[in-house]
Amino acid sequence: MEQSLIFVAAAFMLGLGAIGSGIGIGVLGSKYLEGVARQPELQGTLQTQLFIVLGLVDAIPIIAVAISLYLIFAV
Amino acid sequence: MASGGEQTTSEYIRHHLQNLVYGQHSDGSWGFAGSAEEAEQMGFWAIHVDTMFWSISLGMVFLWTFIAGAKRATSGVPGGLQNFCEMAVEFVDDTVRGVFGNRQNDLIAPLSLTIVIWVFLMNLMDLVPVDFVPQAFHAMGVPYWKIVPTTDPNVTLGMSVSVFFLVLFYNFRIKGPIGFGKRMVTHPIPHWSMYPFNFVLETVDMLAKPLSHGLRLFGNLYAAEVIFILIAAMLPFYLQWTLSLPWAIFHILVIPLQSFIFMVLTIVYLAQAHETDEHH
């Protein structure tokens, strides 16, 4: 029983983390492409900013992945 | 699994996520912890020897490299080392100027350079195959040996809390105690009836910064390390490259990105501490 609860918890963590960051990174990428299409000369600056925000958004799901994998395999 | 069949998978994973701890045993003697339970019983006055060793020696590597580059600097055709040092310094200088502006501060650019190179080197240890160094130390009789310092929350939170103290210091120095206190109560909604609410909000904001700053770096590197260890635990050694190679290639993006983000957030927080002339 406890083991299966851990699986359910890990599935929630992985799934919800992936949904949230997927939406976030999708919005980020589309806005980035729009910005570059409007002003191609700003591509360098925008790319740096894109990667900063990407790293910020990326952190939460990857932490969720680590915790859920740890729960599944090590606990 | 490289270490033979006597360990189960979860024992293997737990072994690889355990630091080598030096501290006081429950019977009063000092020594290394032989197991995770012993390490837990040591409480507050215990030290992670492997983390300290690797972070300090990587800091030395950074210092030696850059001092050697600076000593051999010529105005003629630069060599590889000088090129590398100049690129790093210029990159950090550009970033600091972009975020911080041209305010007078002698500390922030060297601090940023130290952070970005040091964290980068510590993250880089993640690309060393997970069994190389722990097995070598195991053969020498050391029970646990973790080589990536940034997968230890003590390192990342230590750095972010140091940055937090610097932020407090500059807040007091630039704004003065009264200006800082005023900003704490008036900031989001400048009306006297909302002062307690503002204070709670600003305090939470203040305390959340070092926490998220340190945990972001820790979480990314810890996740990567756990996935490398899982790959090593699940597959026989001749198949491991099929999964760990793509993950390592993806990780080449994450390593500099996270050290860069750690630096940018440091600069942003310090720049916020320097803002004075705001009119609400």
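Fair warning: this is a prediction, and the values are worked out from it, not measured in the lab.

### Some details on the overall build of chain B
The number of helices and strands found in chain B is nine helices and three strands. Shown N-terminal to C-terminal, the secondary structure of chain B runs as helices and strands in the order α-β-β-α-β-α-α-α-α-α-α-α. For chain B, the spread of C-alpha atoms along the principal axes amounts to about 70 × 60 × 40 Å. Counting only residues that meet the buried cut, chain B has 30% of its 280 residues in that class.

### Quick word on helix H5 (residues 108–124) of chain B
Here H5(B) spans 24 Å end to end across 17 residues, near enough to the 24 Å set by a 1.5 Å rise per residue. Across the 17 residues that make up H5(B), a large majority, 13, are buried.

### Here we look at helix H9 (residues 240–274) of chain B
The end-to-end C-alpha distance of H9(B) is 50 Å, a good match for the 51 Å that 35 residues give at a rise of 1.5 Å each. The largest bend in H9(B) is about 30 degrees, located at His251(B).

### Notes on the sheet that holds strand S1 (residues 21–24) of chain B
Residue and element names in this part refer to chain B. Spatial strand order, S2-S1-S3: three strands in an open sheet with antiparallel pairing. The open sheet is flanked by strand S2 (30–32) and strand S3 (47–48), the only strands paired with a single partner. Here two bridges tie S1 to S3, and the two strands are oriented antiparallel to one another. What sits directly across from Tyr22, in S3, is Ile47.

### A closer look at the nonpolar core
With 52 residues, the main nonpolar core has Val116(B), Val119(B) and Ile229(B) as its most contacted residues. For this core, the elements supplying multiple residues, two or more each, are helix H2 (43–74) of chain A together with helix H1 (9–16), helix H3 (49–71), helix H4 (80–100), H5, helix H7 (153–186), helix H8 (195–234) and H9 of chain B. Sorting elements by how many residues they give to this core places H8(B) first, with 12 residues. When near neighbours in sequence (up to four residues on either side) are disregarded, Val116(B) contacts Val92(B), Ser259(B), Phe260(B) and Met263(B). Counting six residues, the second largest nonpolar core, distinct from the first, contains Val21(B), Ala33(B), Ala39(B) and Tyr144(B).

Rules used in this analysis
Residues numbered from 1 in each chain as written. Chains lettered and ligands numbered in written order. Predicted model: local features only at pLDDT ≥ 70, side-chain atom pairs only at ≥ 80, totals over all residues. Helix = DSSP H or I, 4+ residues; strand = E, 2+ residues; numbered from the N terminus. Buried ≥ 20, exposed ≤ 12 C-beta atoms within 10 Å, placed from the backbone. Expected span 1.5 Å × (residues − 1). Bend = angle between axes of the 7 residues up to and from the residue. Pairing = 2+ DSSP bridges. Core = buried A, V, L, I, M, F, W, Y, C linked by C-beta atoms within 7 Å. Contact = placed C-beta atoms within 7 Å.

Purely spatial values, then, with no claim about function.
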